[in-house]
Amino acid sequence: MKITPSKTERIHSLDSLRAIMMLLGLVIHSAITYGVIDYGRVWSIKDPNVAHLSNDFIVSFIHAFRMQIFFVVAGFFGAMLFYERKPLKMVKNRVERILYPFLVFVLFLWPTIVFAFSYTRFVFAGNTNAFNETIGIFSNLLVLIPASTFHLWFLYYLVLITFASVILGFAFKKLPSVSNSISKAFSVILQKPLLRIVILGSITAIVYFIMGTPSVATSNSFIPDFNTFIYYFAFYIIGWVLFKSKHLLESFMKYDWINTALATIMFSIFFFMQGVISYELKIFFKSIMVWFFIFGITGLFIRYTSNHSSRMRYISDSSYWVYLVHLTFTAFIPAFIRDWPIPSTLKMLIVLLTTGVICFVSYHYLVRATFIGRFLNGRKYSRKISDIKPTAPIKSQVVLDK
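The model shown is predicted, which means the values in this text are computed figures rather than measured ones. (Residues numbered from 1 in each chain as written. Predicted model: local features only at pLDDT ≥ 70, side-chain atom pairs only at ≥ 80, totals over all residues. Heavy atoms only, no water.)

## Re a nonpolar patch on the surface
Right, on to step 1. Side chains of Val 36, Ile 37, Leu 53, Tyr 255, Ile 258, Leu 262, Ile 265, Ile 269, Phe 272, Met 273 and Val 276 sit close together on the surface and give an oily, nonpolar patch of about 1000 Å² of accessible area.
Right, on to step 2. Take the nonpolar patch: its biggest share by element is six residues, from helix α10 (residues 256-273).
Right, on to step 3. Relative to the elements of secondary structure, Met 273 occurs in helix α10.
Right, on to step 4. Relative accessible area serves as the criterion here: at 42%, Met 273 is assigned to the partly exposed category. (Patch = residues over 30% accessible without salt bridge, like charges linked within 9 Å, V, L, I, M, F, W, Y side chains within 5 Å. Areas by Shrake-Rupley, 256 points an atom, 1.4 Å probe, with all protein chains shown as cover. Salt bridge = Lys/Arg side-chain N within 4 Å of Asp/Glu carboxyl O. Helix = DSSP H or I, 4+ residues; strand = E, 2+ residues; numbered from the N terminus. Buried < 20%, exposed > 50% of the residue type's maximum accessible area, 1.4 Å probe, protein only.)

As structure tokens, then:
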């Protein structure tokens, strides 16, 4: 009698978590225009009339956990594909769902991104002929060739990290005793709330020391950046190992609110005092803080979104498209409200809400039930939210095969 693990059914909480982390990119790119901090070439537009540190707080706060959680979840689902659908099917899936969309959208979105940023820069500079000046930029056809990955950088690194993890996965398949020992140790660590923060925080601190910096600047260059790769690879691999301990996901709910509150307090202290904090203390703060965030926020999603929700499933399905196309609008809309005599927070909310409406409406009518939806999500969906059928949540079970 052989005992084999059943296939993991849809995990609604992690689906929702991945989607919300992606959609928080809209908040970042709506707020960053109205912050005080100069982000240089990473974000070259800044409203000359209003700016407030609260917008920088929002941007930095989300940056403190968003992509780290995303890569942990990506690693979890990557391992699920590797072990349950087999490696070749996993590679095929990742090529179709990540690599192809990256190549297509970085090519087709680049001109719109160049136009949006250029136009808004001219408007913010007080140029009365902003539109014609922007059109003039395209007289040089080279501008149509993507010069960076821009907001699609995470897809670029996800492709690199995925293929690296496949190689690592094959290696550990040849070393089952080592793999099992790591999984058992990880399971023990997960069940001890303080120990898991200390151990995983220490791993993150080691990565920081290897990089030689307490911060990771988002690299949108086509030339791979070692620090960006190694930093997010560490979170991806931890998510990968987590898959073998998926039966312990519910343990994330223990102290989830407390973990989130502690992370928020630590972030607030760090944000306002980072100028006087030493290099070593910065690494300590960020290494511990990120895991409080990860266990806290993930626990909250497991607590509140583990059951099927047609509305949340719709948001999850739409999040990919919404994130891919949003940047042009968050860069373009600020030009039209430049002279509005309202606070920066209201401007940020106008940009966010307008962008959100445009992106979700375009998804519903132009993507969801079309070939584009199939290209991004692997299938076409009905436009009716009520047609989304529930699937069972994750279960711990074995199949007895005589």
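## Examining the nonpolar core
Right, on to step 1. Phe 71, Phe 154, Tyr 236 and Trp 291 are the most contacted members of the largest nonpolar core, which totals 125 residues.
Right, on to step 2. Broken down by element, this core gets its largest block of residues, 15 residues, from helix α4 (residues 87-124).
Right, on to step 3. Aside from chain neighbours lying at most four places away, what touches Trp 291 is Val 72, Ile 197, Leu 200, Gly 201, Thr 204, Phe 235 and Ile 238. (Core = buried A, V, L, I, M, F, W, Y, C linked by side-chain atoms within 4.5 Å. Contact = heavy atoms within 4.5 Å.)

## Focus: the pattern of salt bridges
Right, on to step 1. This model, assessed by the stated rule, comprises eight salt bridges.
Right, on to step 2. Here Arg 97 ties to Glu 96 by a salt bridge, and the two come within 3.7 Å at their closest N and O atoms.
Right, on to step 3. On the basis of relative accessible area, Arg 97 is assigned to the buried category, the value being 16%.
Right, on to step 4. Taking relative accessible area as the criterion, Glu 96 reaches 25% and is therefore assigned partly exposed.
Right, on to step 5. Taking the shortest distance from any N to any O, the salt bridge between Arg 303 and Asp 256 comes out at 2.7 Å. Of this pair, Arg 303 sits in helix α11 (residues 279-304) while Asp 256 sits in helix α10, and the two are 47 residues apart along the sequence.
Right, on to step 6. What makes Arg 303 partly exposed here is its relative accessible area of 38%.
Right, on to step 7. For Asp 256, a relative accessible area of 3% gives the class buried.
Right, on to step 8. Through salt bridges that share partners, Lys 92, Glu 96 and Arg 97 make up one connected network.

Shape is all these values report; function is a separate question.
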